[in-house]
Amino acid sequence: MEGNVEILNLNMKPGNTLKVKGKISADTVGFSINLGCSSRDLAFHFNPRFNESVIVCNSKCSDSWQTEHRDHHLPFFRGCTVKFFIEMLLDKFRVKLPDGHEVCFPNWHGYRNISYVSIVGGLKIISFKLI
């Protein structure tokens, strides 16, 4: 699965973790994983950008982006296979990156159930599991 993937009935709740394993395209500028209730309303946008060497996190409310957070620790590489974890807590999302570094982003809008997930861009999914 490469390109755009959408799941509309995820049922992710605080305490759940998404395990993501995939291969990053050799020529991609980045990819994003979006969690929320629709493409217009996102609790968490996780966006590694290779052209900027940064991970951008954000949320979206009624199709309007909110204040973004930039983390300049980018342990992903084009052409590599990666595994990482996205944990939903009551007050934040925590991403455990392949090298052990963690990126946290507040659950600004108080989501208690994530039904929507999309994966966009240069990440070919090998496995995707909600635990």
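Residue positions are counted from 1 within each chain, in the order its sequence is given. Thresholds applied to this predicted model are a pLDDT of at least 70 for local features of residues and 80 or more for the giving and counting of side-chain atom pairs; totals over whole chains, interfaces and linings are not thresholded and use all residues. Note: side-chain values were computed over all heavy atoms of the structure, leaving out hydrogens and water.

J.: Summarise the sheet that holds strand β8 (residues 81-88); cite the residues concerned and give the values.
T.: If you walk across this open sheet you meet the 5 strands as β10-β9-β8-β2-β12, and the pairing is antiparallel. Each edge of the open sheet is held by one strand with a lone partner, namely β10 (102-106) and β12 (123-130). Sheet twist, expressed as the mean angle between neighbouring strand axes with direction ignored, is 20°. Pairs of strands are assigned from DSSP output, requiring at least two bridges between the strands. The helix and strand labels rest on DSSP assignments: H or I over at least four residues marks a helix, E over at least two residues marks a strand, and numbering proceeds from the N terminus. Judged from the 7 bridges that link them, strand β2 (residues 17-24) and β12 form a sheet pairing that is antiparallel. Bridge pairing in β12 links leucine 18 to leucine 130. Geometry is summarised by axes, namely lines fitted to C-alpha atoms with helices restricted to the contacting stretch, and by angles between N-to-C directions that run from 0 to 180 degrees.

J.: Before we move on, could you go through the pattern of salt bridges and cite the residues and values that matter?
T.: Working definition: two side chains of opposite charge can pair if their charged atoms are close together. Between Lys or Arg on one side and Asp or Glu on the other, a salt bridge is scored when a side-chain nitrogen of the former is within 4 Å of a carboxyl oxygen of the latter. Applying the stated criterion across every chain yields a total of 6 salt bridges. Between lysine 60 and aspartate 63 there is a salt bridge; the shortest N-O distance is 3.5 Å. When accessible area is computed with a 1.4 Å probe and restricted to protein chains, residues below 20% of their type maximum are described as buried, those above 50% as exposed, and intermediate ones as partly exposed. Accessibility expressed as a relative area gives 41% for aspartate 63, which makes it partly exposed. Of the charged contacts in the structure, one is a salt bridge between glutamate 87 and arginine 94, with a shortest N-O distance of 2.7 Å. The pair glutamate 87 / arginine 94 is uniform in exposure class, with both members buried. Sharing partners across several salt bridges, the network here consists of Arg49, Glu52, Glu68 and Arg70.

J.: Could you give an account of the packing of aromatic side chains, naming the residues involved and the relevant values?
T.: Note on aromatic contacts: the rings of Phe and Tyr and the six-membered ring of Trp form a pair at centre separations within 6.5 Å, being stacked when their planes are under 30 degrees apart, edge-to-face when over 60 apart, and tilted otherwise. Under the definition given, this model contains 8 aromatic pairs. With centroids separated by 5.8 Å and ring planes inclined at 70°, the aromatic side chains of phenylalanine 31 and phenylalanine 76 adopt a geometry described as edge-to-face. One end of the pair, phenylalanine 31, is in strand β3 (residues 31-38); the other, phenylalanine 76, is in the loop between β7 (69-71) and β8, with 45 residues separating them in the sequence. By relative accessible area, phenylalanine 76 is classed as buried at 2%. A connected cluster of aromatic rings, assembled from ring pairs, spans Phe31, Phe44, Phe46, Phe76, Phe84, Phe93 and Phe105.

J.: If you had to explain the environment of phenylalanine 128 to someone new, which residues and values would you point to?
T.: By the element assignment, phenylalanine 128 lies in strand β12. Sequence-wise, phenylalanine 128 and proline 98 are 30 residues apart; in three dimensions their C-alpha atoms are separated by 15 Å. The contact definition used throughout considers only heavy atoms, calling two residues in contact when any of these lie within 4.5 Å. Discounting chain neighbours no more than four positions away, the residues touching phenylalanine 128 are Ile7, Leu10, Leu18, Lys19, Val20, Val117 and Ile119.

J.: Any details on the environment of arginine 94? Residues and values, ideally.
T.: With respect to the secondary-structure elements, arginine 94 resides in strand β9 (residues 92-96). With 77 residues separating them along the chain, arginine 94 and threonine 17 place their C-alpha atoms 9.2 Å apart. With residues near it in sequence (within four places) discarded, arginine 94 still touches Phe85, Ile86, Glu87, Leu89, Glu102, Val103 and Cys104. Any N or O atom pair separated by 3.5 Å or less is treated as a polar contact, with the protein-specific requirement of one donor-capable and one acceptor-capable atom, and with residues adjacent in sequence counted only for side-chain atom pairs. Looking at arginine 94, its side chain comes within polar contact range of the side chain of glutamate 87, at 2.7 Å.

None of the figures reported here should be taken as evidence of function without further support.
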